[in-house]
Every structure is written in C-alpha cells, then in structure tokens.
Amino acid sequence: KASLLSPFFVTMEVVMEVIIPLLMASLIDKGIEGGDMNYIWKMGIALVAGALMSLMFGVLSGFYSAKAAAGFARNLRHDMFYSVQKFSFSNIDKFSTSSIVTRLTTDVTNIQNAYMMLIRMAVRAPAMIIFSLIMAFSISAQVSLIFLGIIPFLAVGLYLIMSHVHPIFQRVFKTYDKLNNVVQENLHGIRVVKSFVREDYENKKFGVISQRIYNDFSKAEKIIAFNGPLMQLSVYICMLLIAWVGAKLIVAGSMTTGELVSFLSYVMMILMSLMMLSFLFVMVIISRASAERISEVLSETPDLANKPSPVMAVKDGSITFQNVDFSYAQQADKLCLAGVNLNIASGETIGIIGGTGSSKSTLVQLIPRLYDVTDGVLQVGGQDVRDYDIQTLRDAVSVVLQKNVLFSGTIKDNLRWGNPDATDDELIAACKLAQADEFIT
C-alpha cells in the first residue's frame, strides 16, 4: 500500500509544481503588466493554494516512501534470515559468518535507501522532466530543443562514471566481510589476545583492512564526484543558451517576459530533476553490488535435503563408517578424512584421541549429517544417514560441541533448546547431570 501511495503523491506534487509557473506567467503578463489588482489577488491566492497543496503532497509522499522502504528492508531481512536457517554447514562455510552478517545489515540498509529513492525520486524526476518538457515545448519549441542537445552529453558522462565505480564497490563489500571477520575473531578471542599480549598485532591487522576499505571508498567517491561538475556544467550551459535565445525572441516579439520567466522555471525543474536522477544513479551503483550479494543468499540452495520418501525412525545407536572420505572443498585431493572404516555397536562407549586439527570434530559432525560424506557410506542404526529424515536423525543424535554458546534470553530459555516443554524439575536434573547446577545456582 505504501509503495503504491508514495508514487501517487509524488506525481500529484509534480503536477502542482508544473502548474505554479503557468500561474506565475499569467500573473506577470495579465496582472502586473496589465495593472489589474483584482486579477493579481486572484492569481496570488491561487499560487499560495498551489504551493500549500504541493507541500502537502510532498509530505505525504515522504511519509509513505519511508514506510515502504523500512517495510521492504524488514521483509528482506526476514527472508534472508529464514534462508540462512535452512543452510547446511557447507552453505555457511561458502559465505562465512561475517559475510552473512554484512549482507543482513550493511547491504540491506543500502537497498533500503535505494528503494526509498526509487519509489520517490525515480517517479518524481522523470514525471517532472516529461511534464516540464511538455509545458516548455508549448511555450517555445525552438528554445526547448536546447534540452535535447544536452541529454546525450549527460548520458555518456553518467555511463562512464557507472562503468568505473561498480567494480570498486563490489570489491569494497567483500573487504567489509573480512573486516567483520577480524572484529568477530578479536571479540570472541579477546581473553586469548590479552593473555598473549597480542593487542598491537590485532590493531595492525584491523588497520590494514580498514585502510583498504578507506582507499577503495576514496577512489570510488573521487570518480562519483565528477557527477556534480558534469550536472552543473549542463545546467549553466542550458541557462546561458536559453537566456540568450529567449532574449532575442522577446525583442522579436515571439515571446513575452512572463513566458520567459515561466520557461526558466521549467528549465530549473528539468535540470534539478536531472540532478536528482544523477544522485539516484549514484545510489543505484552502490546498492547494485549489495543487491547482488543479497540475491546470492536468497537464491542459495541448501546442500542437504530429504529424499522423496525418507526413513522416519532410527532403529538403534550403532554407527558404521565404510571407506568414508570427506573434503570441505568437495575435492578428492583435499581430503580431511580418507578411507575411514569404523564400527561402533549400540550402547558402546568410544573415545577418539588425536591432536588439534586431526579431524575429530569433522568425524563426529558427519554422524548427524551436518555435512555429507564426500565418498563412502555412513550408517546409523544400519541405515545410510542420507536416507533418514533430517529432523528424525538429528533428534536421535545429540552433539555437545566444544564451544559453548549462550543465546539471548534467560538461562531457562537456553536450557530448553534441547526440550522446549521441559519442566523446571527436569531442567534442574539435567543441570545436575552436567555438573552445572552449583555454578548456575
């Protein structure tokens, strides 16, 4: 609703602004030059009423465009967040956590700003140009041809700016991902950083990436800065030519003073609309890279999915690895696990010992199908894990990860992740089993 109402009120605002110069021309030619005070009062009141109506339509268009853009950003974040929830670990590895955060925040904000301008400026500027050109041609077709000569010059200039700036913004947002990753790592490992007195190293690492963003943004802004002089050059060339040609026409009696004043008003409207389009053009360049990154998240297909008729029950707790290979990169020459054969009977307790990075966690993460094996067969309860319904399998396989995470909410809310319907007594019993009861108390 807001997205439709905003362009409607913008169009009405433009109509009123186009009518006002006509009233001014009439006021000058018939009222002031004719010395008719009644007509002057009548047209003066009409001008004030037109200005007030234009103001009212402008306020309403601004209100609805802001509402529409905020709602669009909310829906976009909602859909992206829900898409991420369906991702497998390999999908998340493909983007990285820091990149997903940047796409959900900075990129969505860029799109929000661009959308607000699109439903307002992208309607206002073309409508203003079209209506103003119609009125200008109705006054003097000869003078109006000046506009047609300046448009190709502007189009070429804007195209050159866009073609040079877009690749830079694509690079900038990828660097933003790296910046977020550095900040995230530093905050998560702040105790380790301080314990080993690595603050200077972390500051230097942050400074290098931050400087890279600064350099790219500065380069992009320097190119975009040509947009202003380009528009101003066009504006002043038009005004000089119109003043020169218009003065000759007035002397020749082909144009009145009021018509030239209203014509100059239309000139300013057209050229201001062109400046609006150039500003919108800059925002679209920036948001285009963000839109592409958001589209990647929304169009990403989860790597893990149920088969057409999945198995809905796990028979027992036996686990069998048969010649299992696994690669995070899904490449046979970059295997983390190679030719693993392992049989664990139901009810048996097994300890797997190895150094850091020896793929202990990787081995365990294959059992609840957080990743799919690259080659070979992994069975739980005598059935290939890929044949199970994913929720059924993961309800039967519990994984307590080495890295603990507390989500927002109370301790009780966090404890109920395992069982949303658990009673307080069941929560206390679970805490005692985990040796966490005394700490929580």
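Residues numbered from 1 in each chain as written. Predicted model: local features only at pLDDT ≥ 70, side-chain atom pairs only at ≥ 80, totals over all residues. Heavy atoms only, no water.

**Focus on the nonpolar core**
- Counting 45 residues, the largest nonpolar core has Val 143, Phe 147, Val 165, Phe 169, Ile 242, Phe 263 and Leu 274 as the members making the most contacts within it.
- At the level of elements, α1 (2-32), α5 (121-139), α6 (141-188), α8 (199-224), α9 (227-252) and α10 (257-299) are the ones that each hand at least two residues to this core.
- The dominant element in this core, judged by the number of residues it contributes, is α10, at 13 residues.
- With 19 residues, the next largest nonpolar core counts Phe 326, Leu 337, Leu 370 and Val 397 among its residues. (Core = buried A, V, L, I, M, F, W, Y, C linked by side-chain atoms within 4.5 Å. Buried < 20%, exposed > 50% of the residue type's maximum accessible area, 1.4 Å probe, protein only. Helix = DSSP H or I, 4+ residues; strand = E, 2+ residues; numbered from the N terminus.)

**So, the side chain of Arg 369**
- With respect to the secondary-structure elements, Arg 369 resides in the loop between α11 (360-366) and β3 (375-380).
- Taking the relative accessible area as the measure of exposure, Arg 369 reaches 5% and is therefore buried.
- Polar side-chain contacts of Arg 369 include one of 2.7 Å to the side chain of Asp 372. (Polar contact = N/O pair within 3.5 Å; in protein donor to acceptor, adjacent residues only side chain to side chain.)

**Some points on the environment of Asn 414**
- Its location among the elements puts Asn 414 in helix α13 (residues 411-415).
- Looking at Asn 414, the relative accessible area reads 15%, which means it is buried.
- Sequence-distant contacts of Asn 414, defined by excluding residues within four places in its chain, comprise Val 405, Leu 406, Phe 407, Ser 408 and Gly 409. (Contact = heavy atoms within 4.5 Å.)

**Concerning the sheet that holds strand β4 (residues 383-384)**
- If you trace the four strands from one edge of the open sheet to the other, you get β2-β1-β3-β4, paired in antiparallel fashion. A single partner strand is all that each edge strand has here, and the edge strands are β2 (337-344) and β4. (Pairing = 2+ DSSP bridges.)

**As for α9**
- For α9, built from 26 residues, the straight-helix expectation of 38 Å at 1.5 Å per residue is met to within 8% by its first-to-last C-alpha distance of 38 Å.
- Taken together, the buried positions of α9 are Asn 227, Leu 230, Met 231, Ser 234, Val 235, Cys 238, Ile 242, Gly 246 and Leu 249.
- Looking one or two places after α9, you find Gly 253, whose phi comes out positive at around 85°. (Expected span 1.5 Å × (residues − 1).)

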